[in-house]
Amino acid sequence: MARLKNHGSCDKLVDEYVETEYSIIVIDMLLLRKEALRHVLFNSNLKLIPFQIAWKLIVLYILCDAYEKMASQKHFRSKSYKPDMFINELELNFYFMCIKSFLEYFIFATLIVVILYHSQEKSTKRFSSKNLFNSIVLASYGKLFMLPVLVWSKDDEYCDILIILFIFLSQLQVIRVTTKLSSLFITIILIVISELGYLLLQYIM
């Protein structure tokens, strides 16, 4: 078993999560502790995860987001369809929402990676493209909470707001851990990218 060591200059533990149970790490991630996020990004087996698994997580995020978008369409619920027509409309609408969610995620991830890459251009040895990609994937795990909210808290706007806020804060923390930029600067970046992505999506769709 590896022993925890103190850093020579600050006399603090190098990584307190090295000998910590996975359940504690997950709980601290949900609490958005920077130390837990830093451990998962740089000192855990996440950097050894194959690229195919990361893409499966992204597909899962997109499906959850698309289902949430489809379920939140009030005008779609109010219309009356025949059973066969309703199934066809529902299926086509879900495919459309999947495309929309994919474009949203692609635009957001691309802009974030470009900004992070240029902000860490002088220290590319530490923050590689793999680290940036893992950061984006890790920052999106809040989208998985959409499904239980739709199941147990249907039509609850407060839950939707809390999930959006949690996703925003998780993105903020992960970017802080990855780039060490200020919280205010990252907040401005996220807001600008979100608005820019929305405008681009409106132009494309």
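The residue numbers shown here count from 1 along each chain, following its written sequence. Given that this is a predicted model, residues contribute local features only at a pLDDT of at least 70 and side-chain atom pairs are listed and counted only at 80 or more, while totals for whole chains, interfaces and linings are drawn from all residues. No hydrogens and no water enter the side-chain calculation; it runs on all heavy atoms of the structure.

Buried Ala, Val, Leu, Ile, Met, Phe, Trp, Tyr and Cys residues that are joined via side-chain atoms within 4.5 Å together make up what is termed a nonpolar core. Partly exposed describes any residue whose relative accessible area lies between the buried limit of under 20% and the exposed limit of over 50%, with all areas from a 1.4 Å probe on protein chains only and scaled to the type maximum. With 34 residues, the main nonpolar core has Met 29, Ile 112, Leu 138, Tyr 141 and Leu 190 as its most contacted residues. The helix and strand labels rest on DSSP assignments: H or I over at least four residues marks a helix, E over at least two residues marks a strand, and numbering proceeds from the N terminus. Of all the secondary-structure elements, those providing two or more residues to this core are α1 (22–30), α2 (34–43), α3 (51–71), α5 (83–119), α6 (129–139), α8 (157–179) and α9 (183–204). With 6 residues, α6 is the single largest residue contributor to this core. What Met 29 contacts, discounting residues up to four positions off in sequence, is Ala 36, Leu 37, Val 40, Leu 138 and Tyr 141. Met 146, Val 149, Ile 163 and Ile 167 belong to the second-largest nonpolar core, a separate cluster that totals 5 residues. Pairs of residues are marked as contacts when any of their non-hydrogen atoms sit within 4.5 Å.

The subject of this paragraph is the UniProt feature "transmembrane region" (unreviewed entry) in the chain. UniProt positions are given in the numbering used here, feature names are shortened, and annotations may be inferred rather than shown by experiment. Under the local residue numbering, the UniProt record ascribes the feature "transmembrane region" (unreviewed entry) to residues 48–67, 102–120, 132–151, 158–175 and 181–201. Measuring from the first to the last C-alpha atom of residues 132–151 gives 33 Å, for a span that is 70% helix and 0% strand. Segment residues 181–201 splits into 90% helix and 0% strand. End C-alpha atoms: 27 Å apart.

Each aromatic pair joins two rings of Phe, Tyr and Trp (for Trp, the six-membered one) with centres within 6.5 Å, and gets the label stacked for planes under 30 degrees apart, edge-to-face for over 60, and tilted for any other angle. Evaluation of the coordinates by the stated rule reveals 5 aromatic pairs. On the numbers, 6.5 Å between centres and 50° between planes, the contact of Phe 94 with Tyr 95 is tilted. Overall, Phe 94 belongs to the partly exposed group, its relative accessible area being 22%. Residue Tyr 95 is classed as partly exposed on the basis of its relative accessible area of 44%. Ring geometry for Phe 102 versus Phe 106: centroids 6.1 Å apart, planes at 20°, classification stacked. Highlighted residues: Phe 102 and Phe 106, both in helix α5, separated by 4 residues, approximately one helical turn.

Another aspect to go through is unusual backbone geometry. A positive phi is found at Leu 32, a non-glycine position, where the angle reads about 60°. Relative to the helices and strands, Leu 32 resides in the loop between α1 and α2.

So, about the side chain of Asp 65. Mapped onto the fold, Asp 65 is located in helix α3. The buried category is assigned to Asp 65, whose relative accessible area is 8%. Apart from residues no more than four positions distant in its own chain, Asp 65 is found in contact with Ser 101, Glu 104 and Lys 143.

This part takes up a nonpolar patch on the surface. What makes a patch is a set of residues exposed beyond 30% relative accessible area and free of salt bridges, joined within 9 Å when like-charged and within 5 Å when nonpolar (Val, Leu, Ile, Met, Phe, Trp, Tyr). Only the protein chains shown count as cover for residues, and the accessible areas themselves come from Shrake-Rupley with a 1.4 Å probe. Each reported salt bridge corresponds to a side-chain nitrogen of Lys or Arg within 4 Å of a carboxyl oxygen of Asp or Glu. A contiguous nonpolar patch, built from Val 26, Leu 30, Ile 53, Leu 57, Leu 60, Leu 144 and Phe 145 and spanning about 510 Å² of accessible area, is present on the exposed surface. Those elements that provide at least two residues to the nonpolar patch are α1 and α3. With 3 residues, the single largest contributor to the nonpolar patch is α3. Here Ile 53 lies in helix α3.

Before going further, it helps to spend a moment on the packing of α2 against α8. All axes here are fitted lines through C-alpha atoms, helices being fitted over the stretch that makes contact, and every angle between N-to-C directions spans 0 to 180 degrees. For the pair α2 and α8, interaxial distance at closest approach is 10 Å and the crossing angle is 65°. The two elements α2 and α8 meet at a crossing, and its hand is right-handed. Facing Lys 34, Leu 37, Arg 38, Leu 41 and Phe 42 of α2, the residues of α8 in contact are Gln 173, Val 174, Arg 176, Val 177 and Thr 178. Under the convention adopted here, Pro, Cys and the residues Ala, Val, Leu, Ile, Met, Phe, Trp and Tyr are nonpolar, Asp, Glu, Lys and Arg are charged, and Gly plus all remaining residues are polar. When the residues that make up the contact of α2 with α8 are grouped by side-chain class, the tally is 5 nonpolar, 2 polar and 3 charged. Helix crossings are classified by the rotation of the near helix relative to the far one: an anticlockwise turn of less than a right angle makes the crossing left-handed, while a clockwise turn makes it right-handed.

What follows deals with the environment of Ile 107. Of note, Ile 107 is situated in helix α5. In this view, Ile 107 contacts Gly 197, Leu 200, Leu 201 and Ile 204; residues no more than four positions away in its chain are not counted.

This part is about the packing of α1 against α2. Direction vectors running N to C along α1 and α2 enclose 120°, while the axes themselves pass 8 Å from each other. When the axis of α1 is compared with that of α2, the two are oblique. Of the two elements, α1 crosses α2, and the hand of that crossing is left-handed. Within the contact between the two elements, α1 uses Ile 25, Asp 28 and Met 29 and α2 uses Ala 36, Leu 37, His 39 and Val 40. Per-class residue counts for the contact of α1 with α2 are 5 nonpolar, 1 polar and 1 charged. The cut-offs work like this: below 35 degrees is roughly parallel, past 145 is roughly antiparallel, 65 to 115 is roughly perpendicular, and the gaps in between are oblique.

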